[in-house]
Amino acid sequence: MPLTRMQCEYLANCTHRYNVKCGATGSGKSYVDIAVTIPQRLLAMRGEGLAVMIGNTRATLERNILEPMRSLYTPDVVGTISNENIAHIFGQKVYCLGADKRSSVARIQGATFEYVYGDEVATWSQEAFEMLKSRLRCQHSHFDGTCNPDSPNHWFKAFLDSEGTDIYRQDYTIWDGALLPEVVAQLEADYAGSVYYDRYIKGLWTQ
């Protein structure tokens, strides 16, 4: 699938410590990570820390990210998650965790993270994200994340708006994706007149 203008812009600029895509559902935020960003990050690892992928739950991480990656790159390249929360992806051992499981996250709290991917970050607890921040200790550590917008008072929005942190941020609307026009029109009609139109169509952080 050809990349959109926003996806190409992301690949050209995601050199910061924190690289985050916010916005509408169906706008292509995750696809560019599945197809390009995650493979490139894992292949560039230097063995100085762990590779970690975190979702709202381990099941949503599997559904949103790992299953689509397997369809592109085959199960030989993108392995399944073991009982120890580890999957082998592009030759790297990757810890795959749900932010809802404090016991799983606690197992790797003392480690240095070389690369972290975060799916649905606005659904996490702030505690889990603060732990992650303290572990990005390599000079070249990167965090790539996606989220749908939530309340304008959400803790993750406060982080994204903070000054002095090395953040590259993109904000997507439904019109920035590659959905068919008739699908976009149906979604617009479904959410018309509700607060969810601002969130899921315009990609705004609204009450």
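Novice: When you look at the pattern of salt bridges in this model, what are you seeing that I'm missing?
Specialist: Pairs can form between side chains of opposite charge once their charged atoms are near each other. This structure, assessed with the given rule, holds 10 salt bridges. Across the salt bridge formed by Glu130 and Lys133, the nearest N and O atoms sit 3.2 Å from each other. Highlighted residues: Glu130 and Lys133, both in helix α5 (residues 126–135), separated by 3 residues, approximately one helical turn. Taking relative accessible area as the criterion, Lys133 reaches 27% and is therefore assigned partly exposed. Through salt bridges with shared partners, a single ionic network connects Lys157, Asp161, Arg169 and Asp171.

Novice: Teacher, can you tell me more about the layout of surface pockets here?
Specialist: Taken as a whole, the largest pocket encloses approximately 330 Å³ of empty space. Around the largest pocket, the lining comprises 15 residues; the ones closest to its centre are Gly26, Lys29, Ser30, Tyr31 and Asn64. Contributing elements (two or more residues each) for the lining of the largest pocket: α2 (31–43), α3 (58–73) and β6 (142–147). A volume near 210 Å³ is recorded for the second largest pocket. Along its surface, the second largest pocket is lined by Leu11, Cys14, Thr37, Gln40, Arg41, Ala44, Met45, Arg46, Glu114, Tyr115, His140 and His142.

Novice: What is the right way to read the environment of Asp150 from this model?
Specialist: Inspection of the secondary structure assignment puts Asp150 in the loop between β6 and α6 (155–160). Placed 43 residues apart in sequence, Asp150 and Gly193 show a C-alpha to C-alpha distance of 17 Å. Once residues lying within four places of it in the same chain are set aside, the contact partners of Asp150 are Arg199, Trp205 and Thr206.

Novice: Mind showing me how you'd approach unusual backbone geometry here?
Specialist: Leaving glycine out, the prevailing phi sign among residues is negative, and the prevailing peptide bond configuration is trans. In the Ramachandran plot, Thr74 falls in the positive-phi region, its phi being about 75° despite a non-glycine side chain. Relative to the elements of secondary structure, Thr74 occurs in the loop between α3 and β3 (86–89). For Thr74, a relative accessible area of 37% puts it in the partly exposed group. One non-glycine residue, Phe90, lies in positive phi territory at about 50°.

Novice: When you look at the side chain of His154 in this model, what are you seeing that I'm missing?
Specialist: Along the chain, His154 falls in the loop between β6 and α6. Within the structure, His154 has its side chain in polar contact with the backbone nitrogen of Phe156 (distance 3.0 Å). Apart from residues lying up to four places away in sequence, His154 is in contact with Ala122 and Trp205.

Thresholds applied
- Residues numbered from 1 in each chain as written.
- Predicted model: local features only at pLDDT ≥ 70, side-chain atom pairs only at ≥ 80, totals over all residues.
- Heavy atoms only, no water.
- Salt bridge = Lys/Arg side-chain N within 4 Å of Asp/Glu carboxyl O.
- Helix = DSSP H or I, 4+ residues; strand = E, 2+ residues; numbered from the N terminus.
- Buried < 20%, exposed > 50% of the residue type's maximum accessible area, 1.4 Å probe, protein only.
- 1 Å grid on protein atoms, 1.4 Å probe; cavity = no way out; pocket = protein on both sides within 12 Å on 5 of 7 lines; lining within 4 Å.
- Points joined across faces, edges and corners; volume = space filled by probe spheres on them.
- Contact = heavy atoms within 4.5 Å.
- Polar contact = N/O pair within 3.5 Å; in protein donor to acceptor, adjacent residues only side chain to side chain.

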